[in-house]
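Listed below, chain by chain, are the residues.
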Amino acid sequence: MMVLGFALHKTPLLSDNFAGKLNDFVFKAALPVQLFQDLAESDFYSAWDGGVVLFCLGVSLASVLIALAVSFLWKDKSLRAEFTQSSYRSSIALLGAALMQNIYGTTGPLSLIILGSVPLYNVAAVILLTLMTPGSRLNRQTLLKAVKGIVTNPIIIGVVVGLLWSVLRIPEPTFFSSAVSMFAATATPLGLIALGASINLKQSVKCLKPAVVSSVFKLILFVAAFTPLAILMGCRGDVLVAILIMLGSPTTVTCFTMARSMGHEGTLSASTVMITTICSAFTFTFWLYLLKSLGLV
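Anyway, here's the lowdown on the structure attached to this text. Just so it is clear, the structure is predicted and the values come from calculations on it, not from any experiment. (Residues numbered from 1 in each chain as written. Predicted model: local features only at pLDDT ≥ 70, side-chain atom pairs only at ≥ 80, totals over all residues. Heavy atoms only, no water.)

**A short note on the side chain of Arg89**
Along the chain, Arg89 falls in the loop between α4 (80-88) and α5 (92-104). You can call Arg89 buried: its relative accessible area is 4%. Within the local environment of Arg89, its side chain forms a polar contact with the side chain of Gln85, the two groups lying 2.7 Å apart. One polar contact links Arg89 to Asn122, side chain to side chain, over a distance of 2.5 Å. Non-local contacts of Arg89, meaning those with residues more than four positions away in its chain, are made with Tyr121, Asn122, Ala125, Ile155, Lys218, Pro250, Thr251, Thr252, Thr254, Cys255 and Met258. (Helix = DSSP H or I, 4+ residues; strand = E, 2+ residues; numbered from the N terminus. Buried < 20%, exposed > 50% of the residue type's maximum accessible area, 1.4 Å probe, protein only. Polar contact = N/O pair within 3.5 Å; in protein donor to acceptor, adjacent residues only side chain to side chain. Contact = heavy atoms within 4.5 Å.)

Right under this line is the structure:
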C-alpha cells in the first residue's frame, strides 16, 4: 500500500494537496474511530488483568523516557520529537489485531495491551510533538498549547470515548457497529497510501542514521530489555505474544500522521516506518520463534 501510494503520487491521481487532505482525514477521523472500536468492543471486566495493564503502562513510560534521553544526542533539534515517537510507538491498533488473529484466531488479551499503552502513547506523542515543534519554546504559552492539544486531539478523544464505552458496557446496535467497523477499516489502507505519497527518498537519506537507530530501539533493544521482565511476571501464551507485539511490532503509521499534522516535517517518521515495516518481517519472526523454542508460547 505504501508503494502504491508512492507510485500514485507520480500521477495526477494523487497530488500533494490530495495527499495532505488524505493525511488529515486519517488523523482526524479514521484513526480515532479505529481506536474507539478496539476499546469499545473489548470486554473490560472479564478480560481485566491489572498487573498486565500496569506492566504495559510502566514499560511504555520507560520506553518513552529512554527514547527521549537518546534523542538529545542529535544536534538537529527538529528531529528529537520524531525520533522519540518513532522509537517507542508500536503499530498495535493497525497491525496488532491482524497478527493475533493470524496466530491464535482471536485478538485475545490485546485489548489489555491497548488499555495499558495506547493512551500513554498518544498523550506522550502530543506533548512531545507540541513542546518540541521546530521554533517553539518551553513557556506558559507552549504548555497551554500542549494541554489544549491533548484535550482536543482526535486520537485521544477516540481512546477516551472507547474506554468509557467499554467500562459502561453501552450496547452497540448492529447498524452502528457495522458502520463503525467499515469506517475504521479505512484507517490502515488510507494511512499507508498517504504515507507512501508523502515519502521523499532524497530527504529520507538525510535522516537515515537517526531512522536506523530508532528502528534498532523499536525492533530489538526494547524487546530484549522488557520481554524478560514479562516472562519473570509469569506471562505466557497469548498474553506474552500480545506484549511482544507492543514491544516489537513496526512503528505505527500514526507517528507520521501526527508528526505532519502537528507541524513537523515527518521525513524521519516516514523513514522509520518504512525500515521497521520491512525489517519486522524478520525480527518479529525471530522473537516469536525464540519464545516458542523456549516453550513460552
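**A short note on the layout of surface pockets**
What the second largest pocket holds in volume is close to 260 Å³. Lining of the second largest pocket is provided by 20 residues; of these, Ala197, Ser198, Ile199, Asn200 and Arg260 occupy positions nearest its centre. Listing elements by their share of the lining of the second largest pocket, those giving two or more residues are α2 (16-40), α10 (187-198), α11 (201-206), α14 (253-261) and α15 (267-293). The residue makeup of the lining of the second largest pocket, split by class, is 7 nonpolar, 9 polar and 4 charged. (1 Å grid on protein atoms, 1.4 Å probe; cavity = no way out; pocket = protein on both sides within 12 Å on 5 of 7 lines; lining within 4 Å. Points joined across faces, edges and corners; volume = space filled by probe spheres on them. Nonpolar A, V, L, I, M, F, W, Y, C, P; charged D, E, K, R; others polar.)

**Digging into empty space enclosed by the protein**
Per the counting criterion, the structure on display carries 2 cavities of 30 Å³ or more. Of the pockets and cavities examined, the second largest cavity occupies roughly 50 Å³. Those elements that provide at least two residues to the lining of the second largest cavity are α3 (50-71) and α13 (237-248). For the lining of the second largest cavity, the class distribution of residues is 6 nonpolar, 3 polar and no charged.

**Quick look at α4**
Spacing of three or four residues puts side chains on the same side of an α-helix, whose turn is 3.6 residues. Among the 9 residues that make up α4, 9 are buried, leaving the element largely enclosed by the rest of the structure. Within α4, burial applies to Arg80, Ala81, Glu82, Phe83, Thr84, Gln85, Ser86, Ser87 and Tyr88. The inward-facing, buried residues of α4 contact α3, α6 (110-131), α12 (208-232), α14 and α15.

**Observations concerning helix α9 (residues 174-184)**
Those residues of α9 that sit buried are Ser177, Val180 and Ala184. For α9, the angular spread of buried residues about the axis comes to 65°, placing them on one side. Seen from the buried face of α9, the exposed residues on the opposite side, beyond 90 degrees, are Thr174, Phe175 and Met182. (Arc of directions from axis to C-beta.)

**As for the packing of aromatic side chains**
Tallying each qualifying case throughout the model produces 9 aromatic pairs. Seen from their ring centres, Tyr88 and Tyr121 are 5.6 Å apart, and the 55° between their planes marks the pair as tilted. Residue Tyr88 is located in helix α4, and its partner Tyr121 is located in helix α6; the two are separated by 33 residues in the primary sequence. Of the two residues, Tyr88 and Tyr121, neither departs from the other in class, the shared state being buried. Three or more aromatic residues joined by ring pairs make a cluster, and in this case those are Phe36, Trp165 and Phe176. (Phe/Tyr/Trp six-rings, centres within 6.5 Å; stacked < 30°, edge-to-face > 60°.)

**Digging into the packing of α12 against α15**
Remark: α12 packs on α15, axes separated minimally by 9 Å, with the N-to-C direction vectors making an angle of 30°. Comparing their axes, α15 and α12 come out roughly parallel. Crossing geometry of α12 relative to α15 is assigned as right-handed. Residue composition of the contact of α12 with α15, by class: 14 nonpolar, 8 polar and 1 charged. (Axes fitted to C-alpha atoms, helices over the stretch in contact; angles between N-to-C directions. Parallel < 35°, antiparallel > 145°, perpendicular 65-115°, else oblique. Left-handed = near helix turned anticlockwise from the far one by under 90°.)

**Topic: a nonpolar patch on the surface**
A cluster of nonpolar side chains, namely Leu208, Val212, Val216, Ile220 and Leu221, defines an oily patch on the protein surface of about 360 Å² accessible area. Within the secondary structure, Leu221 sits in helix α12. (Patch = residues over 30% accessible without salt bridge, like charges linked within 9 Å, V, L, I, M, F, W, Y side chains within 5 Å. Areas by Shrake-Rupley, 256 points an atom, 1.4 Å probe, with all protein chains shown as cover. Salt bridge = Lys/Arg side-chain N within 4 Å of Asp/Glu carboxyl O.)

**Points about the packing of α3 against α12**
The interhelical angle for the contact between α3 and α12, taken along N-to-C directions, is 140°, at an axis separation of 11 Å. In terms of orientation, α3 and α12 fall into the oblique class. Crossing hand, α3 versus α12: right-handed. Between α3, through Phe55, Val59, Ala62, Ser63, Ile66, Ala67 and Val70, and α12, the contact on the second element is made entirely by Phe217, Phe222, Phe226, Leu229 and Ala230. Across the contact of α3 with α12, the residue classes tally to 11 nonpolar, 1 polar and no charged.

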